[in-house]
Amino acid sequence: MKILVINCGSSSLKYQLIDMENDSVLAKGLCERIGIDGSKLTQKSDEKGEYVIDQPMPNHDVAVSRVLSALQDATYGVIKSTDEISAVGHRVLHGGQKYSASVVVDDELKKFVKDSFDLGPLHMPANLIGIEACQAAMPNVPHVAVFDTAFHQTMPPKAYLYAIPREYYEKYGVRRYGFHGTSHSFVSKRAYEVGNLDPDNSKVIVCHLGNGASVSAVVNGKCVDTSMGLTPLEGLIMGTRSGDIDPAVVEFVANKEGLTLSEMLNVLNKKSGVYGMSGGISSDFRDLEAAMNEGNQLAKDTLEAFAYRVAKYIGAYTAAMNGVDGICFTAGLGENDKNMRKLIVSYLGYLGAEIDDEANAIRGKEVVISTPSSKVKLMVIPTNEELAIAQETLALIK
Ligand code: AMP
């Protein structure tokens, strides 16, 4: 059975066609600059190689039809007909308080997404357009919505309520939701096998460290806390997002710089994080490490602040769970940067956490990176959000 996974951004569409017999990726691709000059589709397949289409994509409907043509292309395609696609899994940013699990797309789901644009002004409209475009192109297959927030819906009120007037929660649903849910769910489940933990008696912390970054605390498979909030802006320092700051900074800087509220939020989302903190060196951790190795003090301070914030969240979540059995590192930075992992673990001596330098240097696979005598299992577990979406989709249509 083949499942198509679709992830729509405001001007992009990422996709993967996955063969569920062996979890292999038949083809994956990216449509860029949808609705902007210079649209481009790039598809990659191990078997058929790279296929690039440089043709205008004025909207997501056209992008979806290009994706389906590319998948069926006589030379570069991997299927003969869309009849081979059994279902489509759509990544949806926000399920609000309504959706704590994936659902088959119906009118109620589409109405929810439409009514919830303000929960994700960039992603939610694109998610809806993607769903409707795919439904129009493939009306006879089930479409499933998989939410970034759903895994975190098991958090108790003490973790998700903000200390602001209650009416904002009651009237507008202002609370912590958390994001990267498919990744936290996928990685925490893999941790049981990789770390040889008992799924029914386990306390796991997942550190999803990429351009966007978040931490979650998972007890016996259920999320009890996570660092992102109403939006993905809260929590860790990220590529360009500030993470936690004193909210009073917003008014203070806005007054000094003559910025509006939405301009300030743009600064916190797009010009802050390691990019802003380093004085604009880069949002990419590889560039920051290169700068640090050339003696740049700002880059060093920034990387230390990033690790320090992650370590503080690990400490907080260990307290929240009254212990921790496994700590997992995942996503671009978490999977690839042994120096960052080592720096973070250097704060965890009080937990009896010991890193094994040789294991920590292994790349690209699931691996325990703690020593046999470490009191907590440290693991690197590559995330696979597309496979997780495909698995959720399969589970719902079976
Ligand atoms: P993601 O959002 O999960 O795709 O992660 C992307 C980020 O991971 C990039 O912006 C890099 O900063 C970081 N990254 C990827 N590979 C490495 C590496 N080898 N060393 C350090 N950082 C890396």
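Relevant structure appears above.
Residues numbered from 1 in each chain as written. Predicted model: local features only at pLDDT ≥ 70, side-chain atom pairs only at ≥ 80, totals over all residues. Heavy atoms only, no water.

## Side note on the packing of helix 1 (residues 60–72) against helix 3 (residues 123–137)
With their axes 9 Å apart at the nearest point, helix 1 and helix 3 run at an angle of 50° to one another. In terms of their interaxial angle, helix 1 and helix 3 are classed as oblique. Seen along the crossing, helix 1 lies across helix 3 with a hand that is right-handed. Packed against helix 1, whose contacting residues are His-60, Asp-61, Val-64 and Leu-68, the element helix 3 presents Ala-126, Ile-129, Ala-133, Cys-134 and Ala-137 at the interface. For the contact of helix 1 with helix 3, the per-class residue count stands at 7 nonpolar, 1 polar and 1 charged. (Axes fitted to C-alpha atoms, helices over the stretch in contact; angles between N-to-C directions. Helix = DSSP H or I, 4+ residues; strand = E, 2+ residues; numbered from the N terminus. Parallel < 35°, antiparallel > 145°, perpendicular 65-115°, else oblique. Left-handed = near helix turned anticlockwise from the far one by under 90°. Contact = heavy atoms within 4.5 Å. Nonpolar A, V, L, I, M, F, W, Y, C, P; charged D, E, K, R; others polar.)

## Concerning the site of the ligand
Around the ligand, the neighbouring residues are Gly-210, Asn-211, Asp-284, Phe-285, Arg-286, Ala-331, Gly-332, Leu-333, Asn-336, Asp-337 and Arg-363. At a separation of 3.4 Å, a nitrogen atom of the ligand approaches a polar side-chain atom of Asn-336. Contributing elements (two or more residues each) for the shell around the ligand: helix 10 (285–293) and helix 12 (331–336). The biggest single contributor to the shell around the ligand is helix 12, with 4 residues. (Near = heavy atom within 4 Å. Polar contact = N/O pair within 3.5 Å; in protein donor to acceptor, adjacent residues only side chain to side chain.)

## Remarks on the pattern of salt bridges
Under the defined criterion, the tally for this structure stands at 14 salt bridges. Between Glu-385 and Arg-91 there is a salt bridge, and its shortest N-O distance comes to 3.1 Å. Of this pair, Glu-385 sits in helix 15 (residues 385–397) while Arg-91 sits in strand 6 (residues 85–92), and the two are 294 residues apart along the sequence. The pair formed by Glu-385 and Arg-91 is uniform in burial state, with each residue classed as buried. (Salt bridge = Lys/Arg side-chain N within 4 Å of Asp/Glu carboxyl O. Buried < 20%, exposed > 50% of the residue type's maximum accessible area, 1.4 Å probe, protein only.)

## Quick word on unusual backbone geometry
Here the phi dihedral of Arg-33 falls at roughly 55°; this positive angle occurs in a residue that is not glycine. Inspection of the secondary structure assignment puts Arg-33 in the loop between strand 3 (24–32) and strand 4 (40–45). The exposure class assigned to Arg-33 is partly exposed, which follows from its relative accessible area of 40%.

## Focus: the environment of Gln-135
Relative to the elements of secondary structure, Gln-135 occurs in helix 3. With 30 residues separating them along the chain, Gln-135 and Val-105 place their C-alpha atoms 9.4 Å apart. With near-sequence residues (within four places) excluded, Gln-135 lies in contact with Val-105, Lys-110 and His-143. At 2.8 Å, the side chain of Gln-135 forms a polar contact with the side chain of Lys-110.

Read these as geometric descriptors, not functional statements.
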